[in-house]
Amino acid sequence: MIDFPLQAAECMSYQKEYNASIQNPVKFWADKAKALSWYKSPQTILSQDENGADRWFADARLNTSYLALDYHVEQGRGNKTALIYDSPVSASKERYSYQELRDQVALFAQVLANQHVGKGDTVVIYMPMIPQALIAMLAVARLGAIHSVVFGGFAANELAVRIDDAKPKVLITASCGIEVSKIIAYKPMVDAAISQAKHSVENIICVQREQGPAKLDGEFELDYHEQMAFVERSGQKADPVEIQGSDPLYILYTSGTTGKPKGVVRDNASHAVALKYSMSAVYDISQDDVFWAASDVGWVVGHSYIVYAPLIHGCTTILYEGKPVRTPDSGAFWRVVEEYGVTALFAAPTAFRAIRKEDPEAKELAKYDLSSLRTIFMAGERLDPPTYEWTHKHTKKPVIDHWWQTETGWAICANCLGLEAMSVKPGSATVPVPGFNIQILNSMGESLGANVQGSIAIKRPLPPGCLPTIWGDFERFKQSYLSEYPGFYTSGDGGYIDEDGYLFIMGRTDDVINVAGHRLSTGEMEEVIASHDAVAECAVIGIHDPLKGQVPIGLALLKDGVDITEERLQDELVAMVRHSIGAVACLKRTMIVSRLPKTRSGKILRKLLRQIADDEVLNIPSTIDDPQSVDEIRSVIKHNGLLKTKVNEAV
Ligand code: COA
Ligand code: AMP
């Protein structure tokens, strides 16, 4: 036990708030909604839509871009810094006040309006971490349109899949991204995606970067800066469009168990209320604070905590185009904290593992003044106790683990510093955030007692901020999240609650893995591997990695009569996965096996494979066809030095 003296049960302010949120959610959230400036306040707090899905504040009228920008300008805070852009990879730094950011967003919204983007249209944004990415998101929101940001590390094929699902009118991109010192040309990837997609995008708008300009062809490929200059000269600016609370703000694709990513939909009103509440209740942030989420706008953490929450709350946000290490060194995070007086830093544990690896004695950290920093928040993957302890010991700051998902959009479980800080237990994401009624269930749907591991489920209704559906596929939403345990949302994570009410997340119970804080689907990688001519069957599993948390490995069974070396097959499969999904997939190892554990009906026993990779006690199902396959797989993995080490696990 470290940091804060009180145990969860002793935190009466937290308990009171939490109980109020569970006993009377409608009253609770009606009250929280008052913190926002609505065009029309919600009259109906919770309702069901035509699918029977829970919707919060459906009849409210608002505009999220207004809440994030204009509202603050109207309140006399136009000169306050809204955004700091720090890019060691392009040697640039910029600051935007709320007024400047509002003006840029209004101009770009006009550019989009000139391309006939309006309420309800979709726009795909495929961009590196530059201010124009954030401006584009807020400009789309200003028009009441729906953005779908695609992470820049995804390959053309992934972009094409998202284009076909979201059916955007316009695609906004940049000429290149910069990965440390490597220039990644985006435009060729956009071109490949557009030619692969069935859906036709009407226009492309491209931000030209001097590090790698792109060739723009024809009248449908527009230069961002030229368009901005044009609307500025013409004196046009788009005003925020008033929309309905339940209108979607964005679609964010995330990995599921199958190859096709799921388009998580976020409503405007419920999102704004949840994020506003989270900034004070979870993060304890005021408008004087500088909030830095060292993530990417392509992920949910970037959507919620680089863009929307800090701006809706009215504090300063940082957009950092760099890595925790190598840009230029492992002091990068601490330099940013000192330079901008960061008060809260939020990043994935893998970032701190990368820093620790290069600077175990924290010599770089000692060079900087971290006095502004009050708290370090971590999420995106399990915070392993050694990383927690290293960070806590060297920064001497509270380190707060919190658990959430793209689907929820904000923390499900946290140490809610703004309500009442409670004692930290390394390895635990602490307690449920108000609004989330968490239960640990067994396969029969029965609630389990303290310290018994099961599926983590959330009793409906989910609080505001969480997804009401999958874009264009309510059935998939129902199937994926609501059907396993009636009345509950299935999180896909397993874990337990201890005798003090602390939640411990033990990992996914499905085929989703988490690589360097990036959520990936093993099913999707399997589809790529299975398309290789030599492969009859395959499985991809996540194995433990000391830096990235997990990395995928492929197990391939060859077709009869195929003659290929393991090395050549591996090179080809790695290249295929990079080409099809992107470098972020981090698939570097594949192995040839002579059989895979299967049921008698021919289904690959993936859960068993996960248990083998994690070196857990094996639950070998009675339906297994060939029990010897288990030992064989285990010895192949062991032989390759890939069995999980237990070193990092000691609490
Ligand atoms: N655009 C293009 N390529 C990208 C990319 C992007 N936005 N992001 C990553 N990649 C590429 C990398 O260049 C690398 O390519 P390579 O195999 O050719 O070297 C590959 O994808 C793997 O990237 P990554 O897993 O990030 O490894 P890394 O060695 O570059 O960096 C970390 C390791 C730990 C420093 C980095 O992963 C990190 O900072 N992770 C934190 C992630 C995060 O913030 N997640 C959000 C949840 S809070
Ligand atoms: P994403 O949707 O990309 O945010 O990934 C969500 C998944 O990341 C969760 O379902 C968990 O498996 C994992 N995750 C996120 N935060 C944590 C955490 N604090 N502890 C353990 N796992 C986490």
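What you see is a predicted model, and the numbers here were worked out from it, not measured in a lab.

**Student:** How do you make sense of the overall build of the protein chain when you look at a structure like this?
**Tutor:** When its secondary structure is counted, the protein chain shows 18 helices and 31 strands. Relative to the 2.2 N^0.38 estimate, which gives 26 Å for 651 residues, the radius of gyration of the protein chain is 24 Å and therefore close to what a compact globule would have. Summarising its shape, the C-alpha atoms of the protein chain cover approximately 75 × 65 × 60 Å along the three principal directions. Across the protein chain, contacts joining residues at least 24 apart in sequence account for 71% of those joining residues at least 6 apart. Put simply, the protein chain shows about 24,400 Å² of open surface, and 49% of that area lies on carbon and sulfur atoms. Mean positive and mean negative side-chain charge positions of the protein chain (65 and 81 charges, respectively) differ by 1 Å.

**Student:** Which parts of the structure should I look at to understand the site of ligand 2?
**Tutor:** Every one of the 15 residues lining ligand 2 counts as a neighbour, but His-402, Thr-406, Asp-493, Arg-508 and Arg-519 are closest to it. Contact distances for ligand 2 include 3.1 Å between a nitrogen atom and a backbone N or O atom of Gly-380. Here a nitrogen atom of ligand 2 sits 2.7 Å away from a polar atom, N or O, in the main chain of His-402. Within the complex, the protein chains bury 94% of what would otherwise be the 490 Å² of accessible surface of ligand 2.

**Student:** When you look at unusual backbone geometry in this model, what are you seeing that I'm missing?
**Tutor:** Of all residues except glycine, most have a negative phi; of all peptide bonds, most are trans. Here the residue pair Thr-327 and Pro-328 is connected by a cis peptide bond, since its omega of 0° sits within 30 degrees of zero. By the secondary structure assignment, Pro-328 is in the loop between β17 (316-320) and α11 (332-340). Residue Pro-461 follows Arg-460 across a cis peptide bond; omega there is 0°. Phi is positive for His-116, which is not a glycine, with a value near 70°. Along the chain, the position of His-116 falls in the loop between α4 (98-114) and β6 (122-126). Taking the relative accessible area as the measure of exposure, His-116 reaches 57% and is therefore exposed. The backbone of Lys-396 shows a phi angle near 60°, a positive value even though the residue is not glycine. With respect to the secondary-structure elements, Lys-396 resides in the loop between α13 (385-395) and β20 (399-401). For Lys-396, a relative accessible area of 67% corresponds to the exposed category.

**Student:** In this structure, what is going on with the site of ligand 1? I would like to understand it.
**Tutor:** Around ligand 1 sit 23 residues in total, of which Glu-179, Lys-182, Lys-323, Lys-548 and Arg-578 are the nearest. Here a nitrogen atom of ligand 1 and a backbone polar atom of Gly-153 are 3.5 Å apart. At 3.3 Å from an oxygen atom of ligand 1 is found a side-chain nitrogen or oxygen belonging to Arg-326. Notes on ligand 1: free accessible area 950 Å², of which the protein chains cover 84%.

**Student:** Would you mind going over the packing of aromatic side chains with me for this structure?
**Tutor:** In this description, an aromatic ring pair is defined by two values, namely the gap between the centres and the angle between the planes. Evaluated as defined, the whole model comprises 34 aromatic pairs. Both rings, one in Tyr-14 and one in Tyr-18, keep their centres 5.8 Å apart while their planes meet at 20°; by these two values the pair is stacked. Placement of the pair is Tyr-14 and Tyr-18 together in helix α1 (residues 12-23), with a separation of four residues, close to one helical turn. Of the two residues examined, Tyr-14 and Tyr-18, each falls in the buried class. Each member of the aromatic cluster is reached from another via a ring pair, and the members are Phe-28, Trp-29, Trp-38, Trp-56, Phe-57, Tyr-277, Trp-410 and Phe-436.

**Student:** Just to check I follow, could you spell out helix α17 (residues 606-613) for this structure?
**Tutor:** An α-helical turn contains 3.6 residues, so any two residues separated by three or four positions project in the same direction. Of all eight residues making up α17, six are buried, and the element is well covered by its neighbours. Where α17 is concerned, the buried positions are Leu-608, Leu-609, Arg-610, Gln-611, Ile-612 and Ala-613. Buried residues along α17 sit in contact with β26 (503-508), β29 (535-545), β30 (549-558) and α18 (628-639). In the segment just after α17, Asp-615 is the residue with positive phi, at about 55°.

**Student:** I'm lost on the pattern of salt bridges in this one. Help?
**Tutor:** If the charged atoms of two oppositely charged side chains come close together, the side chains can form a pair. One pass over the full model with this rule turns up 39 salt bridges. Across the pair Asp-70 and Arg-142 runs a salt bridge whose closest N-O atoms are separated by 2.8 Å. Of the two residues, Asp-70 is situated in helix α3 (residues 64-77) and Arg-142 in helix α5 (residues 131-142); the sequence distance between them amounts to 72 residues. We classify Arg-142 as buried; its relative accessible area is 2%. For Asp-384, the salt bridge identified is with Arg-353, shortest N-O distance 2.8 Å. Note that Asp-384 is positioned in the loop between β19 (375-378) and α13 and Arg-353 in helix α12 (residues 349-358), a separation of 31 residues in sequence. Taken as a pair, Asp-384 and Arg-353 share a single burial class, namely buried.

**Student:** Would you mind going over the pairing of β29 with me for this structure?
**Tutor:** Two faces make up the sheet, and in a regular strand the side chains alternate between them. Counting buried positions along β29 yields eight of 11 residues, so the element is predominantly enclosed. Direction of pairing for β29 relative to β30: antiparallel, over a ladder of 10 bridges. Bridge pairing links Ala-539 to Leu-555 in β30. In this structure, the hairpin formed by β29 and β30 is closed by a connection of three residues.

**Student:** Just checking my understanding: could you explain α13 for this structure?
**Tutor:** Counting buried residues in α13 gives eight out of 11 residues, a clear majority hidden from the surface. For α13, the elements touching its buried residues are α11, α12, β19 and β20. Looking at the residues trailing α13, positive phi occurs at Lys-396, about 60°.

**Student:** Even after reading the chapter, I still don't get the environment of Ala-58, so can you show me in this structure?
**Tutor:** Its location among the elements puts Ala-58 in the loop between β2 (54-56) and β3 (61-62). On a C-alpha basis, the gap between Ala-58 and Asp-247 in space is 7.9 Å, while along the polypeptide they are 189 residues apart. The contact partners of Ala-58, leaving out residues within four places of it in the chain, are Thr-44, Ser-47, Gln-244, Gly-245 and Ser-246.

**Student:** What is the right way to look at the sheet that holds β17 in this model?
**Tutor:** What the seven strands build is an open sheet, ordered β5-β4-β17-β16-β18-β19-β20; its pairing is mixed. Among the strands making up the open sheet, the edge pair consists of β5 (92-97) and β20. On average, adjacent strands in this sheet sit at an angle of 20° to one another, irrespective of strand direction. Bridge count for strand β16 (residues 290-293) against strand β18 (residues 344-347) is three bridges, and the pairing is parallel. Bridged to Trp-292 within β18 is Leu-345. Its contacts with the sheet place α11 against β4 (81-87), β5, β16, β17 and β18, and it is angled at close to 150° to β17.

**Student:** Mind showing me how you'd approach a positive patch on the surface here?
**Tutor:** A cluster of like positive charges, contributed by Lys-182, Arg-326, Arg-578 and Lys-588, occupies part of the molecular surface. Residue placement: Lys-182 occurs in strand β10 (residues 182-185).

**Student:** In this structure, what is going on with the sheet that holds strand β23 (residues 438-441)? I would like to understand it.
**Tutor:** Note on sheets: strands pair through backbone hydrogen bonds, and any given pair is parallel or antiparallel. Strand order across the open sheet formed by four strands is β23-β24-β25-β26, with antiparallel pairing between neighbours. Taken across any chain shown, the strands that pair with only one partner, and hence form the sheet edges, are β23 and β26. With strand direction ignored, the average angle separating the axes of adjacent strands in the sheet is 50°. Bridging between β23 and strand β24 (residues 454-459) involves four bridges; their strand directions are antiparallel. When the bridges of β24 are listed, Gln-439 appears paired with Ala-457.

Reading guide: rules and limits
Residues numbered from 1 in each chain as written. Chains lettered and ligands numbered in written order. Predicted model: local features only at pLDDT ≥ 70, side-chain atom pairs only at ≥ 80, totals over all residues. Heavy atoms only, no water. Helix = DSSP H or I, 4+ residues; strand = E, 2+ residues; numbered from the N terminus. Rg over C-alpha atoms; globule rule 2.2 N^0.38 Å. Contact = heavy atoms within 4.5 Å. Areas by Shrake-Rupley, 256 points an atom, 1.4 Å probe, with all protein chains shown as cover. Lys, Arg positive; Asp, Glu negative; His and termini not counted. Charge placed at Lys NZ, Arg CZ, Asp CG, Glu CD. Near = heavy atom within 4 Å. Polar contact = N/O pair within 3.5 Å; in protein donor to acceptor, adjacent residues only side chain to side chain. Buried < 20%, exposed > 50% of the residue type's maximum accessible area, 1.4 Å probe, protein only. Phe/Tyr/Trp six-rings, centres within 6.5 Å; stacked < 30°, edge-to-face > 60°. Salt bridge = Lys/Arg side-chain N within 4 Å of Asp/Glu carboxyl O. Pairing = 2+ DSSP bridges. Axes fitted to C-alpha atoms, helices over the stretch in contact; angles between N-to-C directions. Patch = residues over 30% accessible without salt bridge, like charges linked within 9 Å, V, L, I, M, F, W, Y side chains within 5 Å.

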